[in-house]
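# Report on the structure
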Amino acid sequence: MNRREFVKGTTALSLAAALPHAAFADALFAPGIRDRYDALLCGYHDQALAPFKALHFHDGVNLTLGLPIIRTSPDHGTAFNIAGSGTANPGPTLAAIAVAARMAEARARGCTAAA
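Residues numbered from 1 in each chain as written. Predicted model: local features only at pLDDT ≥ 70, side-chain atom pairs only at ≥ 80, totals over all residues. Heavy atoms only, no water.

## Details of the environment of Phe29
Structurally, the position occupied by Phe29 is in the loop between helix H3 (25-28) and helix H4 (45-56). Phe29 gets classed as buried once you look at its relative accessible area, which sits at 11%. Note: C-alpha distance between Phe29 and Leu55 (26 residues apart in sequence) is 8.5 Å. Non-local contacts of Phe29, meaning those with residues more than four positions away in its chain, are made with Arg34, Leu40, Ala48, Pro51, Phe52 and Leu55. (Helix = DSSP H or I, 4+ residues; strand = E, 2+ residues; numbered from the N terminus. Buried < 20%, exposed > 50% of the residue type's maximum accessible area, 1.4 Å probe, protein only. Contact = heavy atoms within 4.5 Å.)

## A short note on the confidence of the model for the protein
When pLDDT is averaged along the protein, the result is 76, and 74% of the positions lie at 70 or above. Summarising per-element confidence for the protein, the mean pLDDT is lowest in helix H2 (residues 12-18) (47) and highest in helix H5 (residues 91-108) (92). (pLDDT = per-residue confidence, 0-100.)

## Looking at the nonpolar core
Counting residues in hydrophobic clusters, the biggest one holds five residues: Val61, Ala95, Ala96, Val99 and Met103. In terms of residue count, the dominant contributor to this core is H5 (four residues). (Core = buried A, V, L, I, M, F, W, Y, C linked by side-chain atoms within 4.5 Å.)

Written as structure tokens, this is what we have:
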């Protein structure tokens, strides 16, 4: 069984029990815990989005994994409500571009985790 088949057929509780560093979403963002991780993998959009946005609204990056292309976006979304107003902060978009560039460099070096 490969990893994709394992995760696809696994419930959140059994996945948390099977992975060595698994934690429940309500605990992951507590001070002292969130600093232990470089990234979070959540099974559902709402498990991590609200606390992540609260902490990283201006530098959070959303990744879509498992695609044949690299796909990143600012975590806050498109900000259509301020488009054209001259008030948008380019930081989140620049952060998403930087993550995509690092992933592309890793792919070029043959890193399969970035593929």
